[in-house]
Structure formats: structure tokens, C-alpha cells
Amino acid sequence: MAREEEVVLLSFWSSPFALRARIALAEKGVPHEIREENLSDKSHLLLRMNPVHKKIPVLIHNGKPVCESSLIVQYIDEFWNQESPLLPSDPYERAQARFWVDLVDKKVYLAAQRVWFIKGGPEDGAKEELMEVFKLLETELGEKAYFGGDRFGYLDVSFFPYYLSIHLLETAESRLGGEMEAKLPKLEGWMKRCMLRESVSSVLPDLDKLCDYFQQVRKKRLDEQA
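Residues numbered from 1 in each chain as written. Predicted model: local features only at pLDDT ≥ 70, side-chain atom pairs only at ≥ 80, totals over all residues. Heavy atoms only, no water.

A. Representation of the side chain of Arg-218 in the model. Positionally, Arg-218 belongs in helix 10 (residues 207–224). For Arg-218, a relative accessible area of 9% corresponds to the buried category. Other than its neighbours up to four places away in sequence, Arg-218 contacts Trp-116, Phe-117, Glu-173 and Arg-175. (Helix = DSSP H or I, 4+ residues; strand = E, 2+ residues; numbered from the N terminus. Buried < 20%, exposed > 50% of the residue type's maximum accessible area, 1.4 Å probe, protein only. Contact = heavy atoms within 4.5 Å.)

Next up, the structure:
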């Protein structure tokens, strides 16, 4: 009899990083348990499983932790490799997908933090930097349904949570001058296609609640800088 896999994801409902892992697990059809963390009072389990960064998400597979969202998605793809491959089989295409995810992680998140959560962020070039990366990604997407063509893959899973979060922030309080829908029609269409996938729609939190939460966090962070 095959061993039953024990899969637990330490998560937080609004986290785009945790959403990456949740989408990947859903895409693969992996049975798992979600354990929501209180980030102001982190569990002993989280501190034990991620003693270096003490952050979510953490995937615990048969008692062994995997940390960092991009590594978690790759681990899920490699271990549960019978269903819905996320990374291409071709080495070059696989390297390209990893290149773009690395760019997203290094550029998009930090620029978005500066635009919405740091006073003076839009004036220090963060807005232009963010839009520049988005335009690069829109060019990479081109006329394809997903970044991997017809296949929903690693870059889609990794970029979607960021883009959705930024889309909600911009809808609630425009910092990009309404440029997302006007100047990024292909990415906007891609986002909507992603949201129609069962693996995405089944794990998405309530978007109104998520938008309200982001606004509360933004107000708190800006007040702390006053």
C-alpha cells in the first residue's frame, strides 16, 4: 500500500506568498491541511519549522518543512509530478520561467511596497519602476493565454497573487493613475483568466474583505511613519 502523504501548509489568509502555495496544491490536487497563523503571535510549530525567517508560508510534508514560496511551488511541482506540470520539461524554458519569477520577486514586491506603504514612494521612482516591470511581463505574455502558452504554469502561479494584490490596491486607492487597465490590457485579461481556473477560484479569499484588509494595513503603516 502506498504511503499516505501528510501535507500541512502554515498560512495566512491574505498573504500573496501563501496564495502561491495554495494554488499550486490545488492545481495538483494534493490533499492537505491549512493551518492559519496568527502573525502577531506565531505558533511554536511555525517557529520550529522556519527558525531562520520565522515567516509563512511553510509547507510541512511528512514532518519536513519547505520554506519560501517560490521554493515551495517548485517542490510541489517536482514531488507531485504526475499531474499538471508547472515548470516546462525543456531545460531552457524552465530556466526562463525561473528567471521571470526571480524578477517578479526582486522587483514587483519591493516596488509595490514603496508605492503603497512608504510615504513618498510614488515620488521616488517606484511607480515608474513597477510599471516598467509590468510592461516587460506584458510583452513576455504577448498573445498567449498564460505565460506558458496554453499551459498554466510556474510563472502564472507565482505572479498572479502579486498582480491581484496590486490590482486591488490600485482599485481602492489609485497610485498608478489608473494606468493598469488602460496600459496593461493583456495582463488584465490574463488575471481574469487565472481567476476563472478552479485551482485559483477555489482558494481565493473574499476580494472585498482582502481589499479592506490591505487598506487597513496601508493606513496603519503610513500612520507609523507620521
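From this point, the narrative continues.
B. Spotlight on helix 1 (residues 16–28). Its 13 residues place the ends of helix 1 19 Å apart at the C-alpha level, agreeing with the 18 Å of an ideal helix rising 1.5 Å per residue. For helix 1, a buried count of 10 out of 13 residues is recorded, marking the element as mostly surrounded by other parts of the structure. By the burial criterion, the buried members of helix 1 are Pro-16, Ala-18, Leu-19, Arg-20, Ala-21, Ile-23, Ala-24, Leu-25, Glu-27 and Lys-28. In this structure, the buried side of helix 1 is in contact with strand 1 (7–11), strand 3 (58–61), helix 3 (69–79), helix 4 (91–117), helix 6 (154–172) and helix 9 (198–201). Phi for Gly-29, located one or two positions after helix 1, is positive at around 70°. (Expected span 1.5 Å × (residues − 1).)

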